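Understanding the architecture of this molecule
This is what each chain is made of:
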Amino acid sequence: MKSQIKTCQNCKKEFVIEPEDFEFYDKIKVPAPTWCSECRLLRRMIHRNEHFLYKRKDSRTGKLIFSTISESAPVKVYEREYWWSDNWNPMEYGRAIDWNRPFLEQVKELDREVPWFSRSVINLVNSDYCANCGDLKNCYLIFHSDASEDCAYGVVVTHSKDSFDNYELHSSELCHQCFIVHKSYRAFFSSHCQNCQDVYFSKNLANCQNCFACCNLRNKKYHIFNKPYTKEEYFKKLKEFDIGSYKNTAELQKKAQGFWLQFPQKFIHGIKNVNVTGDYINYSKNVFDSFFVRESEDCKYCFGSERGPIKDCYDYTIWGLNAELIYDSTQVGRGVSRLKFCAFCYPNCRDLEYCIRCHSSSNLFGCIGLRHKEYCILNKQYTKEEYEELVPKIIEHMNKMPYKDKKGRIYKYGE
């Protein structure tokens, strides 16, 4: 097919659908989108609270709990331990399809009735004040992170230990106030550094040790503002800086950032890529208009899948860990396949459409909060034969009787 220019029904700006996009949509059997990629991203991110916690009452007990959902949200919220228990059954909220009303309107009503979990977390130990995380121990105010220990005040902190105040810290230890630092030890007030040790106020270093306020260095030791020193001179100068003083630290940080501006900047942050566009892409091939992705192949409009790998995904936001054929979904991962228009579905899910907070399930359509289920629609159980007969009829019904929101935007199947 040839490229097509469409007008986004949300922002009213024109956007282009390329021939390879149509091939993907045909592969997963969905129509071409009527929203531009940026508006689709904003729509997905409405579902996600990145790093705020609220106090609110548990909808079951009235007890005050921490949650990523505010008290003003028109939904029920259970404390996460109870939500994951067998003490309640989301199937009790199941209902038959009402063919006289838009199907998405019925999904919305079901979402308002089935309780939400207070926080999206997995396998936390002594890390109650964290959210959108998994496999943390002794962490405090850590968000969108995995497999870390004794860390606090961070976002996207993975496989790291004893580190405070960081954003995008990976496989590192004893780091403070860093941005995008990988496999490093004792990095402070630095950004875009990897395989470094004892670096301060530095940017874009690789395989460096004992560097202070440096930029764009490789395989260097004992440098200050990119000038080499002997080991003895370096530590004498470091002592003179007196970085134990907050005032001195603030002044040095400002001076270092001014020094960085003298050097060329990378056109893209990433390594070992083939045919990619976007930024912060690593170990990927044929990935376009994507950001903060890793080990990805044949993907477009993806964001935040640093866990990798992902394959054949469009409009996929947050997570990864073996995901394929994901479309227009957010916070789904850990062994998921063929998910469309879903949120908070993990792990080991496949063939889900219009589902929210469903786990270890397959072949669900318009379901909320189910676990270890298959062949359900609106949380009601069907046989395999009934399910396969009903789903095409629902899609046809969604096109004939679309959902219309308060702003007059039309939602047919796939829109």
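Bear in mind that the values here come from a model prediction, so they are computed numbers and not experimental data. The residue count restarts for each chain, going from 1 along the sequence in the order it is written. Local features are withheld for residues below a pLDDT of 70 in this predicted model, meaning they are given only at 70 or higher, and side-chain atom pairs are given and counted only at 80 or more; totals for whole chains, interfaces and linings count all residues. Heavy atoms from the whole structure form the basis of all side-chain values; hydrogens and water molecules are not counted.

A short note on the environment of Leu-352
Helix and strand definitions here come from DSSP, where helices need a minimum of 4 consecutive H or I residues and strands a minimum of 2 consecutive E residues; each element is numbered from the N-terminal end. Tracing the chain through its elements places Leu-352 in strand β27 (residues 350–353). On a C-alpha basis, the gap between Leu-352 and Tyr-403 in space is 20 Å, while along the polypeptide they are 51 residues apart. By the convention used here, residues are in contact when the closest approach between their heavy atoms is within 4.5 Å. The residues touching Leu-352, leaving out its near neighbours within four places in the chain, are Arg-338, Leu-339, Lys-340, Cys-342, Cys-345, Cys-358, Ser-361, Ser-362, Asn-363 and Leu-364.

Thoughts on the side chain of Ser-284
Structurally, Ser-284 is set in the loop between β19 (274–282) and β20 (285–294). Pairing of N or O atoms within 3.5 Å defines a polar contact, subject to two protein rules: one partner must be a possible hydrogen donor and the other a possible acceptor, and residues neighboring in sequence count only if both atoms are side-chain atoms. A polar atom in the side chain of Ser-284 sits 3.5 Å from the backbone nitrogen of Glu-295. The residues contacting Ser-284, other than those within four sequence positions of it, are Lys-272, Asn-273, Val-274, Val-276, Val-293, Arg-294, Glu-295 and Ser-296.

Quick look at a nonpolar patch on the surface
Nonpolar side chains (Val, Leu, Ile, Met, Phe, Trp, Tyr) within 5 Å and like charges within 9 Å form the patches, drawn only from residues with over 30% relative accessible area and no salt bridge. For the accessible areas, the method is Shrake-Rupley and the probe is 1.4 Å, while residue cover comes only from the protein chains on display. A pair is scored as a salt bridge if a Lys or Arg side-chain nitrogen falls within 4 Å of a carboxyl oxygen belonging to Asp or Glu. A surface patch of nonpolar side chains, about 470 Å² in accessible area, is lined by Phe-66, Tyr-129, Tyr-140, Tyr-153 and Phe-164. Residue placement: Tyr-153 occurs in strand β10 (residues 152–158).

Some thoughts on the nonpolar core
Side-chain atoms within 4.5 Å link the members of a nonpolar core, which is a set of buried Ala, Val, Leu, Ile, Met, Phe, Trp, Tyr and Cys residues. Classification of residues uses two cut-offs on accessible area relative to the type maximum, computed with a 1.4 Å probe and protein chains only: under 20% is buried, over 50% is exposed, and between them is partly exposed. Core analysis: the largest hydrophobic core is formed by 83 residues, its most contacted members being Phe-103, Tyr-316, Leu-339, Cys-345, Leu-352, Phe-365 and Ile-377. Per-element tally for this core: the top contributor is helix α7 (residues 384–400), with six residues. Excluding residues that lie within four positions of it along the chain, Cys-345 makes contacts with Gln-331, Val-332, Gly-333, Val-336, Leu-339, Leu-352, Cys-355, Ile-356, Arg-357 and Cys-358.

Observations regarding the environment of Ile-17
For Ile-17, the position within the fold is in strand β2 (residues 14–17). For Ile-17, a relative accessible area of 2% puts it in the buried group. In this structure the C-alpha to C-alpha distance between Ile-17 and Cys-36, which are 19 residues apart in sequence, comes to 9.2 Å. Not counting the four nearest positions on each side in its chain, Ile-17 is found in contact with Lys-2, Ser-3, Gln-4, Lys-6, Phe-22, Tyr-25, Ala-32 and Pro-33.

Here's the deal with unusual backbone geometry
A cis geometry characterises the amide bond from Tyr-346 onward to Pro-347, with omega recorded as -20 degrees. Structurally, the position occupied by Pro-347 is in the loop between β26 (336–340) and β27. A positive phi angle, close to 50 degrees, is found at His-144, a residue other than glycine. As for its position among the elements, His-144 is in strand β9 (residues 140–149). The phi angle at Tyr-301 is positive, at roughly 60 degrees, despite the residue not being glycine. Within the secondary structure layout, Tyr-301 lies in the loop between β21 (296–300) and β22 (303–305). Residue class for Tyr-301 comes out buried when judged on its relative accessible area of 15%.

Focus on the pattern of salt bridges
The tally for this structure, following the rule as stated, stands at 25 salt bridges. Each of Arg-40, Arg-43, Arg-44, Asp-315 and Asp-328 takes part in salt bridges that share partners, so that together they form one network.

A look at helix α2 (residues 37–45)
Within α2, the full set of buried residues consists of Cys-39, Arg-40, Arg-43 and Arg-44. All buried residues of α2 fall inside an arc of 140 degrees around its axis, so they share one side. With respect to the buried face of α2, the exposed residues turned more than 90 degrees away are Glu-38 and Leu-42. If you follow the buried residues of α2, they end up packed against β2, α1 (19–27), β24 (314–320), β25 (323–333) and β32 (410–411). Throughout, the arc means that of the directions going from the helix axis to the C-beta atoms.

Remarks on the side chain of Ser-163
The residue Ser-163 is located in the loop between β10 and β11 (164–170) in this model. Of the polar contacts made by the side chain of Ser-163, one reaches the backbone nitrogen of Cys-175; its length is 3.0 Å. Not counting residues up to four positions away in its chain, the partners in contact with Ser-163 are Asp-150, Cys-151, Ala-152, Leu-169, Ser-172, Glu-173, Leu-174 and Cys-175.

Here's the deal with the state of the cysteines
Only a pair of cysteine sulfur atoms within 2.5 Å qualifies as a disulfide here. Counted under the stated rule, the structure contains zero disulfides. Unpaired in terms of disulfides, Cys-130 finds its nearest cysteine sulfur in Cys-133, a separation of 5.3 Å. Residue classification places Cys-130 among the buried positions, given a relative accessible area of 0%. Not part of a disulfide, Cys-214 finds its nearest cysteine sulfur in Cys-211, a span of 4.6 Å.

Examining the packing of aromatic side chains
Only Phe, Tyr and Trp rings are paired, with Trp represented by its six-membered ring, and only when their centres lie within 6.5 Å; those with planes under 30 degrees apart are stacked, over 60 edge-to-face, the remainder tilted. Enumeration according to the criterion identifies 42 aromatic pairs in this entry. Pairing Phe-188 with Tyr-200 gives two aromatic rings, centres 5.1 Å apart and planes at 25 degrees, and the pair type is stacked. Linking Phe-188 in strand β13 (residues 185–188) with Tyr-200 in strand β15 (residues 197–200), this pair joins segments that are twelve residues apart in sequence. By relative accessible area, Tyr-200 is classed as buried at 11%. The interplanar angle of 10 degrees and the centroid separation of 5.0 Å between the aromatic rings of Phe-189 and Phe-201 together place this pair among those described as stacked. Pair noted here: Phe-189 is in the loop between β13 and β14 (191–194) and Phe-201 is in the loop between β15 and β16 (209–212), with a separation of twelve residues, a long-range link. Across the pair, Phe-201 and Phe-189 agree in class, each one buried. Put simply, the rings of Phe-24, Tyr-25, Phe-103, Tyr-301, Tyr-314, Tyr-327, Phe-341, Tyr-354, Phe-365 and Tyr-413 pair up and form one aromatic cluster. Cation placement over rings: the criterion is NZ of Lys or CZ of Arg within 6 Å of the ring centroid and within 35° of the ring normal. The positively charged end of Arg-40 is found above the aromatic ring belonging to Tyr-301, 5.3 Å away from the centroid.

Considerations on the environment of Thr-158
The topology assignment puts Thr-158 in strand β10. The exposure class assigned to Thr-158 is buried, which follows from its relative accessible area of 8%. As a C-alpha pair, Thr-158 and Ser-145 span 13 residues in sequence and 5.5 Å in three-dimensional space. Non-local contacts of Thr-158, meaning those with residues more than four positions away in its chain, are made with Asp-146, Ala-147, Ser-148, Leu-169, His-170, Ser-171 and Arg-307.

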